[in-house]
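Chain residues, written in single-letter form:
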Amino acid sequence: MPGTLCVWVEACGNGYAMARMTRGRSNRGGTPAHPSALGVDGVRDAISSLLGLRELPAMQAGDLTLDLSSRDGRPLSWGESSAGVSIYSPWRIAVCRLPAAEAALLFGGVMDAPGARTGDVCLSTDLAVWCAAGRQAALRAASAAEADAEDELRIAQLGDHLPEVGWVLWDGCADGRAAVKQFVNLAASGVSELWKRRRALPVHWPEAARKWGRVSLSAPTWLLEARAESTPLTGTPTRWRTCFRLEPPADTDIADTPWSVRFLLQAQDDQSLYLSAEQMWDPVDEGRLAPARQTLVADLRRAARIFPKLEKVAASPRPESVELSLDEVSAFLGQTVWILEESGFSVQIPSWSAPAGGSPLRLHLQVQDRTGDGVLGLDTLVDYRWQVSLGDEVMDPEAFHRLASLKIPLVRMRGQWVLLDRKTVDHVMDLVLRPGRRELTLRDALRLGSGLEGEDDAAAAVDVQLLGRLNSLSGSGGSMAVLPQPAAFVGVLRPYQERGFSWLAFLRDRGLGACLADDMGLGKTIQLIALLLRDRQDRGPQGPTLLISPTTVVGNWERELTRFSPTLKVLVHHGTERLMLAEFIEACQRYDLVITTYGLMVRDVHKLRQVTWEGIVLDEAQNIKNGRSLQARAARTLRAHYRVALTGTPVENRLSELWSIMEFLNPQLLGTFDSFRRRFALPIERRGDTTRLQRLRSILQPFLLRRLKTDPSIVPDLPDKQEMKVYCNLTREQVTLYEATVRHMMERLENAQGMARRGQILTTILRLKQICDHPTLFMGDGSKLDGRSGKLSRLEEMLSELLQVGDKALVFTQFTEMAKLLAPWLAERLGVRVLLLHGGIPPKSRDGLIQEFQTPEGPPIFVLSVKAGGVGLNLTQAQHVFHFDRWWNPAVENQATDRSYRIGQTRNVQVHKFICMGTLEEAIDKLIESKMELAENVIGSGESWLTELDTEQLRSILTLRVQALEIQEDLGIDPDADAESDGEWPAEEN
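All of these numbers come straight from a predicted model, not from anything done at the bench. (Residues numbered from 1 in each chain as written. Predicted model: local features only at pLDDT ≥ 70, side-chain atom pairs only at ≥ 80, totals over all residues. Heavy atoms only, no water.)

## Some details on the overall build of the protein chain
Then, number 1: The helix and strand inventory of the protein chain stands at 36 helices and 33 strands.
Then, number 2: Out of the 990 residues belonging to the protein chain, those deemed buried represent 55%. (Helix = DSSP H or I, 4+ residues; strand = E, 2+ residues; numbered from the N terminus. Buried < 20%, exposed > 50% of the residue type's maximum accessible area, 1.4 Å probe, protein only.)

## A closer look at the pattern of salt bridges
Then, number 1: Counting across every chain of the model gives 27 salt bridges.
Then, number 2: Its salt-bridge partner being Arg-559, residue Asp-847 comes within 3.5 Å of it at the nearest N-O pair. Residue Asp-847 is found in helix α29 (residues 843-854), and its partner Arg-559 is found in helix α16 (residues 554-564); the two are separated by 288 residues along the sequence.
Then, number 3: Its salt-bridge partner being Arg-886, residue Glu-893 comes within 2.7 Å of it at the nearest N-O pair. Accessibility assignment for this pair places Glu-893 and Arg-886 in one class, buried.
Then, number 4: Taken together, the shared-partner salt bridges connect Arg-508, Asp-509, Arg-534, Asp-535, Asp-538 and Glu-614 into one network. (Salt bridge = Lys/Arg side-chain N within 4 Å of Asp/Glu carboxyl O.)

## Observations regarding the environment of Thr-525
Then, number 1: With respect to the helices and strands, Thr-525 occurs in helix α15 (residues 524-539).
Then, number 2: Judged by its relative accessible area of 17%, Thr-525 falls in the buried class.
Then, number 3: Taking the C-alpha atoms as reference points, Thr-525 and Asn-556, 31 residues apart in sequence, are found 9.7 Å from one another.
Then, number 4: Ignoring anything within four residues of it in the chain, the contact list for Thr-525 reads Trp-557 and Glu-560. (Contact = heavy atoms within 4.5 Å.)

## Details of the pairing of strand β26 (residues 640-646)
Then, number 1: Burial within β26 is extensive, with 5 of its 7 residues counted as buried.
Then, number 2: Of the strand pairs in this sheet, strand β21 (residues 514-516) and β26 are connected by 3 bridges, and their pairing is parallel. Looking at β26, one finds that Ala-514 is bridged to Val-644.
Then, number 3: Note that strand β25 (residues 613-619) and β26 share 6 bridges and pair parallel. Across the sheet, the residue bridging to Val-617 is Val-644, located in β26. (Pairing = 2+ DSSP bridges.)

## Some remarks on the environment of Lys-607
Then, number 1: Tracing the sequence through the fold places Lys-607 in helix α19 (residues 605-608).
Then, number 2: In the structure, Lys-607 is positioned 22 residues away from Ile-585 in sequence and 7.7 Å away in space, judged by C-alpha atoms.
Then, number 3: If we skip the residues at most four places from it in the chain, Lys-607 touches His-573, Leu-579, Met-580, Leu-581 and Phe-584.

## Structural notes on the sheet that holds strand β24 (residues 593-597)
Then, number 1: Taking strand neighbours across the sheet as the criterion, the 7 strands line up as β23-β24-β22-β25-β26-β21-β27 in an open arrangement whose pairing is parallel. Single-partner strands in this sheet number two, and they are β23 (570-572) and β27 (704-705).
Then, number 2: Judged from the 5 bridges that link them, strand β22 (residues 545-549) and β24 form a sheet pairing that is parallel. Residue pairing for β24: Ser-549 is matched across the bridge by Thr-597.
Then, number 3: α16 contacts β22, β23, β24, β25 and β26 of the sheet and is inclined by roughly 160 degrees relative to β24. (Axes fitted to C-alpha atoms, helices over the stretch in contact; angles between N-to-C directions.)

## Some thoughts on helix α21 (residues 655-665)
Then, number 1: Most of α21 sits inside the fold, with 11 of its 11 residues counted as buried.
Then, number 2: Along α21, the residues that are buried comprise Leu-655, Ser-656, Glu-657, Leu-658, Trp-659, Ser-660, Ile-661, Met-662, Glu-663, Phe-664 and Leu-665.

## What about the packing of helix α14 (residues 495-509) against α15?
Then, number 1: Axis separation between α14 and α15 bottoms out at 9 Å; the angle between their running directions is 55 degrees. The orientation of α14 with respect to α15, classified from their angle, is oblique. When the axes of α14 and α15 are compared, the crossing they make is right-handed. Facing α14, whose interface residues are Tyr-496, Gln-497, Gly-500, Phe-501, Leu-504, Ala-505, Arg-508 and Asp-509, α15 presents Ile-526, Gln-527, Leu-528, Ala-530, Leu-531, Arg-534, Asp-535 and Arg-539.
Then, number 2: A class-by-class count of the residues in the contact of α14 with α15 yields 8 nonpolar, 3 polar and 5 charged. (Parallel < 35°, antiparallel > 145°, perpendicular 65-115°, else oblique. Left-handed = near helix turned anticlockwise from the far one by under 90°. Nonpolar A, V, L, I, M, F, W, Y, C, P; charged D, E, K, R; others polar.)

## Some words on unusual backbone geometry
Then, number 1: Backbone geometry at Glu-620 places phi at a positive 50 degrees, although glycine is not the residue there.
Then, number 2: Note on Glu-620: relative accessible area 10%, which makes it buried.
Then, number 3: The backbone of Gln-668 shows a phi angle near 70 degrees, a positive value even though the residue is not glycine.
Then, number 4: Mapping Gln-668 onto the fold places it in the loop between α21 and α22 (673-687).

## Overview of the pairing of strand β12 (residues 321-324)
Then, number 1: The side-chain alternation of β12 yields one buried face, formed by Val-322 and Leu-324, and one unburied face, formed by Ser-321 and Glu-323.
Then, number 2: Across 4 bridges, the pairing between strand β10 (residues 259-267) and β12 is antiparallel. Counterpart to Trp-259 in the pairing with β12 is Leu-324.

## Concerning the packing of helix α27 (residues 790-804) against helix α28 (residues 816-830)
Then, number 1: Look at α27 against α28: their axes get within 11 Å of each other, and the N-to-C directions meet at 55 degrees. Judged by the inter-axis angle, α27 sits oblique to α28. Considering how the two elements wind past one another, α27 and α28 form a crossing that is right-handed. In contact with Leu-792, Leu-795, Glu-796, Leu-799, Ser-800 and Leu-803 of α27, α28 contributes Leu-822, Trp-825, Leu-826, Arg-829 and Leu-830.

## Focus: the sheet that holds strand β31 (residues 861-865)
Then, number 1: Judged by pairing direction, the sheet is parallel, and its 6 strands sit side by side in the order β28-β33-β32-β29-β31-β30 without closing on themselves. Each edge of the sheet is formed by a strand with only one pairing partner; in this case those strands are β28 (721-728) and β30 (834-837). Between one strand axis and the next, the sheet turns through 20 degrees on average, direction left out of account.
Then, number 2: As paired elements, strand β29 (residues 809-813) and β31 share 5 bridges and run parallel to each other. Its bridge partner being in β31, Leu-810 is matched across the sheet by Phe-862.
Then, number 3: Most of the contacts of α29 go to β30, to which it runs at about 145 degrees, and overall it touches β29, β30 and β31.

## Thoughts on the nonpolar core
Then, number 1: Within the largest apolar cluster, 100 residues are counted, with the highest numbers of intra-cluster contacts made by Trp-557, Trp-613, Leu-618 and Leu-696.
Then, number 2: When sequence neighbours within four positions are dropped, the list of residues in contact with Leu-696 reads Leu-655, Leu-670, Phe-676, Phe-680 and Ile-684.
Then, number 3: By size, the runner-up hydrophobic cluster in this structure holds 44 residues, among which are Ala-101, Ala-128, Ala-187 and Ala-188. (Core = buried A, V, L, I, M, F, W, Y, C linked by side-chain atoms within 4.5 Å.)

## Notes on the side chain of Gln-734
Then, number 1: Tracing the backbone shows Gln-734 in helix α24 (residues 732-749).
Then, number 2: Here Gln-734 falls in the buried class, since its relative accessible area comes to 0%.
Then, number 3: Look past the residues within four positions of Gln-734 in its chain and what remains in contact with it is Asn-729, Ile-771, Cys-772, Asp-773, His-774, Pro-775, Arg-788, Ser-789 and Gly-790.

## Notes on the side chain of Ser-502
Then, number 1: Position of Ser-502 among the secondary structure elements: in helix α14.
Then, number 2: Owing to a relative accessible area of 1%, Ser-502 belongs among the buried residues under this scheme.

## Details of the packing of aromatic side chains
Then, number 1: What the rule picks out here adds up to 11 aromatic pairs.
Then, number 2: For the pair Trp-130 and Phe-183, a centre-to-centre distance of 5.1 Å together with 75 degrees between the ring planes defines the contact as edge-to-face. Within this pair, whereas Trp-130 is found in helix α3 (residues 125-143), its partner Phe-183 is found in helix α5 (residues 176-198), the two being separated by 53 residues in sequence. As far as the burial class goes, Trp-130 and Phe-183 line up, both buried.
Then, number 3: For the ring pair Phe-489 and Phe-564, a centre distance of 5.5 Å and an interplane angle of 15 degrees mean the geometry is stacked. Separated by 75 residues along the polypeptide, Phe-489 in the loop between β20 (462-467) and α14 and Phe-564 in helix α16 bring together distant segments of the chain. Here Phe-489 matches Phe-564 in class, with each residue buried.
Then, number 4: Among the aromatic residues, ring-to-ring pairing joins Phe-244, Phe-263 and Phe-345 into one connected group. (Phe/Tyr/Trp six-rings, centres within 6.5 Å; stacked < 30°, edge-to-face > 60°.)

## Remarks on the confidence of the model for the protein chain
Interpretation of the predicted coordinates at a detailed level should be avoided for regions scoring low in pLDDT.
Then, number 1: A residue-level look at the protein chain finds 72% of positions with pLDDT of 70 or above and a mean pLDDT of 75.
Then, number 2: Throughout residues 168-172 the model reports pLDDT below 50, and contacts reaching past four residues in sequence, or to other chains, amount to 13 contacts.
Then, number 3: Residue range residues 353-357 is modelled with pLDDT below 50. Its contacts to residues more than four positions away, or to other chains, number 3 contacts. (pLDDT = per-residue confidence, 0-100.)

## Let's talk about helix α20 (residues 630-637)
Then, number 1: Considered for burial, the residues of α20 that qualify are Ala-632, Ala-634 and Ala-635. Along the axis of α20, the buried residues cluster in a sector spanning 165 degrees; they form a single face.
Then, number 2: Here the buried face of α20 lies against α18 (598-603), α19, β25, β26 and α21. (Arc of directions from axis to C-beta.)

What follows is the structure in structure tokens.
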């Protein structure tokens, strides 16, 4: 798109993302997608991390095609050697498009060199050039002056260093200088207009770039040190290319012994073939090797612009190698290597110095409780001892201090050289040897082990060992005793329930928050009841415990408490007749358990704060998954001696939901929301970072217990669950409405941007799902149901069959109006009573419906809305579960299914998931399948991903597929004729 720059992000092997900016041509049909490009969400997250900004300007999503160095059918990753590569293949990349002026103001304040890491972002060379060009454009606009000789010189310097991938696709630009000049001119005029409206530079600009007037800004330091021409992306490569091989001194421990960088030529057509500089200067082969010598000399002169150490040796008559001091070796490994490789050279370094190898320096922290038998807690002070290891050798802190004080970047241990990262060394020094080191709490120790202490990833080098009483928290200790069930408990706990109740008691006694995340149907309710009874049995009279639950399950709690713990005194704080403040505070002291709802917790938080609760329990704790919501914030303000969260889905959509639950249970354990998102959520969700996933598990392990129904060691007698997809055809009317709706949206999207575009897409998605269910739901006109929906016809057929054999069924839909249509229609067609449950049903009526269905002779069909009936209900009389329409989230669907598939179910359960062929519902189904492939419940966002697609991608996903059209032809339907004759957009009131 003329006048715009495109930004894309690549996931790198070292865990960082590389922000890149370029111009490209539109995507060519059939071009494969770049496997490491993170997409639009990744671009925005990278820019936000790079600039430290929460709010970003509007960016237009798009894609482009770049010709990139490729090997074995894949593009080379950033920083990967391109030795011997002569193939440049096209790759499709999702990008964000920015007008030149917006790009100049947004990126102009970035002063880092290529390769510099800011947060999770590592700058590429082309991005660094564009950042400097953006700064030049903004400063020219501020000075309101024409370009002069100094400006032209700086533009030329930038253009010379712009890799060809950054300019080759610019319309009419023959080289980097022309591309940068065109951008600066265009951006400067646009910035002037933006400046008139904003009157300020962005806040992330450093002070050096904020001064207005005629600013003499020299070329960036990194540019002066690295002006190499980049290797062309087109044309035939030469036979040889220069290789730099770093070699340590042989068998010596003397610190000032120099290292060497040897010069070689590597064959382009055979990467295993090398020609050393010594061989090239052999007079015997002077004629034959003349071309190779010319290549080496020319390359050394070009590389000297990047690596000034080569300037002198490049001018010598027989250049063979160059010597480096230890400090020069450190600098060579830190920056020069990747600049050389990005400029087309080959570089070989010892395997121990490769970045992927990680730091050999490790910190070990031994922690022991100092309180004896007292109550533990995250704020408990602990005794601790540090140990430092370098490779396999353990060092005492004083020995390490002597080593670190030498400021040597490379040390030799046991005959092998070890590269020390300065940041890691400084981090270890700060933790171990800092004067007046503060006392350490248990929270501090756990955070150190997960890498949450400190501002960078050097903190990840701490291994924490919990000793004594704390050992049981590490998951490796065996000090947690399995308690017998309380005498007042009516019933028998299963073995796994006894272990769960004992685990809750173990953490409760230590003042630590616990999240019981057992799979739905495994009896979290009765494990919590056992804990309450045990407290009163062993501790005697104490304050009340507060239980907060969804409105839909309050009645279920009352029944379960009456059944399993009739001795507990329970107060339900709910309804219009609930107690006023003074009466409520006085009444609480007479009860063991007070039950209220999430909605009332927010409304009556001032009442609940007046009581110091013995404990606070959140049932269906995913209700506080949004850490910034009123519910989550209100829950965190309540006072209690212990806290428990019960949930079958600790993560429904994003890891940030788990942060919210843990922040309620154990405040500050996972750090701030922003730091948790940066260090764990984004790397795990977007890049599948297994290292960070393991670190997160290690800190959560003591406080989160999860067991699954599918584990035979947990529930050996639970019957099978069979899931099947039921593919349905669209009727002629549905096809017509579907096509007209998609066409109408595409027309509206032509000029829509930002939130208006997102809103239009989401509205259309909702309407398409309604059309797939039934035209009457979409039209809202109350018209007849017969013969107008492929789903409805198939549902009637399947329900009729199961009624013949005496089975019962649950039918779930996300639309309350669809549920209201289904229940009476099914009752009339099938001649049976059909129960209906949705959010508008009062709690007492809801309880009556559940009890009626649970009787063997009760009605055989129960229609429920997912929101109202998807959690907290026991409906084990049903052997069949129908999902009439698909939810975006597998966790929500599983919650609904597990109303039937849970403890107490004695027969196999069959789950039927309806999908209209060729429609958006197939895209939803594929999304759900992809989520299931990730680590359990660590999944991406819901339908928001669709709003980030460009118009053509949306058209591809939403338009009816070929197989659907083939079915229509079998039915004698002409979709084109339908679309023209009957496909008008319905009136808005419909």
